[in-house]
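Coordinate analysis (summary)
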Amino acid sequence: MLLGGFDIVVIVLVIFVILVLFAGVKTVPQGYRYTIERFGRYTRTLEPGLNLITPFIERVGARLNVMEQVLNVPTQEVITKDNASVSADAVAFYQVLNAAQSAYQVSNLENAILNLTMTNIRSVMGSMDLDELLSNRDAINDRLLRVVDEAVQPWGIKVTRVEIKDIQPPRDLVDAMARQMKAEREKRAQVLEAEGARNAQILRAEGAKQSAILQAEGQREAAFRNAEARERLAEAEAKATRMVSEAIAAGDVQAINYFVAQKYTEALASVGSAPNSKIVLMPMEASSILSSLGGIGAIAREVFGDAGNPLPPPPRPRPAPVRSTPPINPPAPNPFNPDPER
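These numbers were taken from a predicted model, which means no experiment stands behind them. (Residues numbered from 1 in each chain as written. Predicted model: local features only at pLDDT ≥ 70, side-chain atom pairs only at ≥ 80, totals over all residues. Heavy atoms only, no water.)

1. Things to note about unusual backbone geometry
Convention followed: Comment: elements are numbered from the N terminus, with helices defined as DSSP H or I runs of at least four residues and strands as E runs of at least two.
The phi dihedral of Phe 39 is positive, around 55°, even though this residue is not glycine. With respect to the helices and strands, Phe 39 occurs in the loop between strand S2 (32–38) and strand S3 (41–46). Located in the positive-phi region is Asn 108, a residue other than glycine, with phi close to 60°. As for its placement among the helices and strands, Asn 108 is situated in the loop between helix H2 (99–104) and helix H3 (109–126).

2. Topic: a nonpolar patch on the surface
Going by this rule: Each patch is built from residues lacking any salt bridge and having more than 30% relative accessible area; the joining distance is 9 Å for like charges and 5 Å for nonpolar side chains (Val, Leu, Ile, Met, Phe, Trp, Tyr). Here the Shrake-Rupley method, with its probe set to 1.4 Å, supplies the accessible areas, and only the displayed protein chains count as covering residues. The salt bridge definition used is simple: a Lys or Arg side-chain nitrogen within 4 Å of an Asp or Glu carboxyl oxygen. For every residue, the accessible area (1.4 Å probe, protein chains only) is compared with the maximum for its type, and the residue is labelled buried under 20%, exposed over 50%, or partly exposed between those bounds.
A grouping of Phe 16, Val 17, Leu 21, Phe 39, Phe 56 and Ile 57 is seen on the molecular surface, where their side chains present a nonpolar patch of about 700 Å² in accessible area. Within the secondary structure, Phe 56 is located in the loop between strand S4 (49–52) and strand S5 (58–65). Look at Phe 56 and you get exposed, because its relative accessible area is 69%.

3. Observations regarding the packing of aromatic side chains
Rules: Two aromatic rings, drawn from Phe, Tyr or Trp (for Trp, its six-membered ring), form a pair once their centres lie within 6.5 Å of each other, and the interplanar angle then sorts them: stacked below 30 degrees, edge-to-face above 60, tilted otherwise. A ring has a charge above it when a Lys NZ or an Arg CZ is no more than 6 Å from the ring centre and no more than 35 degrees off the ring normal.
Scanning all chains against the criterion turns up two aromatic pairs. Sitting over the face of the ring of Tyr 34, Arg 63 holds its NZ or CZ atom 5.0 Å from the ring centroid.

4. So, the nonpolar core
Selection criterion: Side-chain atoms within 4.5 Å link the members of a nonpolar core, which is a set of buried Ala, Val, Leu, Ile, Met, Phe, Trp, Tyr and Cys residues.
In this structure, Met 125, Ile 140, Trp 155, Ile 157 and Ile 164 are the most contacted members of the largest nonpolar core, which totals 34 residues. Elements that contribute at least two residues to this core include exactly strand S6 (69–79), strand S7 (85–96), H3, helix H4 (130–135), helix H5 (137–152) and strand S8 (157–168). Top contributing element to this core by residue count: H3, with nine residues. Counting residues in each nonpolar core, the second largest holds six residues, with Val 28, Tyr 34, Ile 36 and Ile 53 among its members.

5. Quick word on the pattern of salt bridges
Applying the stated criterion across every chain, the model contains 10 salt bridges. Ionic pairing is found between Arg 59 and Glu 37, a salt bridge with its closest N-O pair at 2.9 Å. Of this pair, Arg 59 sits in strand S5 while Glu 37 sits in strand S2, and the two are 22 residues apart along the sequence. Taking the relative accessible area as the measure of exposure, Arg 59 reaches 47% and is therefore partly exposed. Note that Arg 38 and Glu 58 form a salt bridge whose closest N and O atoms lie 2.3 Å from each other. With Arg 38 in strand S2 and Glu 58 in strand S5, this pair connects stretches of sequence that are 20 residues apart. With a relative accessible area of 39%, Arg 38 lands in the partly exposed category. With a relative accessible area of 5%, Glu 58 lands in the buried category. One salt-bridge network, held together by shared partners, links Arg 38, Arg 44 and Glu 58.

6. Quick look at helix H6 (residues 171–249)
Cut-off, in case you're wondering: By definition here, a helix of n residues has an expected span of 1.5 Å times n minus one.
Spanning 79 residues, H6 covers 114 Å between terminal C-alpha atoms, matching the ideal 117 Å at 1.5 Å per step. Along H6, the positions that sit buried rather than exposed are Val 244, Ala 247 and Ile 248.

7. So, the sheet that holds S6
Applicable threshold: We treat two strands as partners when DSSP finds at least two bridges between them. Simply put, an axis is a line fit to the C-alpha atoms, just over the touching stretch for a helix, and the angle between two N-to-C directions goes from 0 to 180 degrees. The contact definition used throughout considers only heavy atoms, calling two residues in contact when any of these lie within 4.5 Å.
The strand order across the open sheet formed by three strands is S6-S7-S8, and the pairing between neighbours is antiparallel. Only two strands of the sheet have a single neighbouring strand rather than two, namely S6 and S8. On average, each strand axis in the sheet is inclined to that of its neighbour by 20°, with strand direction left out of account. Sitting on the sheet, H3 is in contact with S6, S7 and S8, with an inclination near 40° to S6.

This is the structure we're talking about:
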């Protein structure tokens, strides 16, 4: 079957319409924005989904990723405020908020953000001392974020975070810092040991003071108790003496005999119970005690007369038997005097 000229024209027109439709339909994936240019001029931004443009008049200018992206900042040398050379690298997170500004306000967006971050790292870290640089990393990150975000706002970019990954001082500087840290820690240890020794001495002195105070109070209380006991004993002795004196004044001679005998017996008992005496020689007998009591009774009769109860005369003490002990070594006989009695 042969096609005529009219059929060929119709087929060509259908194919052209199909091509035009395909050229005018644009599908934008999620997370991206497309800019549309009409005769080279920006007109609008296509959102994710199915969009239609005018073929041969409008075209897609830039395809921009609006998801948050990460940018690695390479290692660079930084001179600190105290002339210390350190190496630092970082990482930056940014997001495209305005696709038109990002596409038409700056050329090579990633390179611009990278160079801006590197220069600000040198500026921020170079204005700080080394000790401050190593100990205030959060402050460095905050300053970098604030400066870089303010600089990229005209580009339709939002810098969400700038983080310093690593700061590496020179090796000799690291060794010096290690020695300094060791010396500082040893100093702290010595200070703590000295404070501990001082506190221990203070506590021991306080304990000795309290112990001495308590011991003095105890001795004072014991002395007071002893004095009170001696006072009570003296009162008892005085009362007993007074009662005996009253009895003697009343003519009761038995009272003084009892009093003297009791004191004499107590004296003998104290002599016999002395801890430093193992053997006590007593060249006296019970009759000597009775003779002493009889003598005391006779004196009382002479003082008070016969008004009291007369005591019987004391028995005469018996003489102690003389023991004849043969000598251990008898004397040798004298050859010139055979009679020893001569």
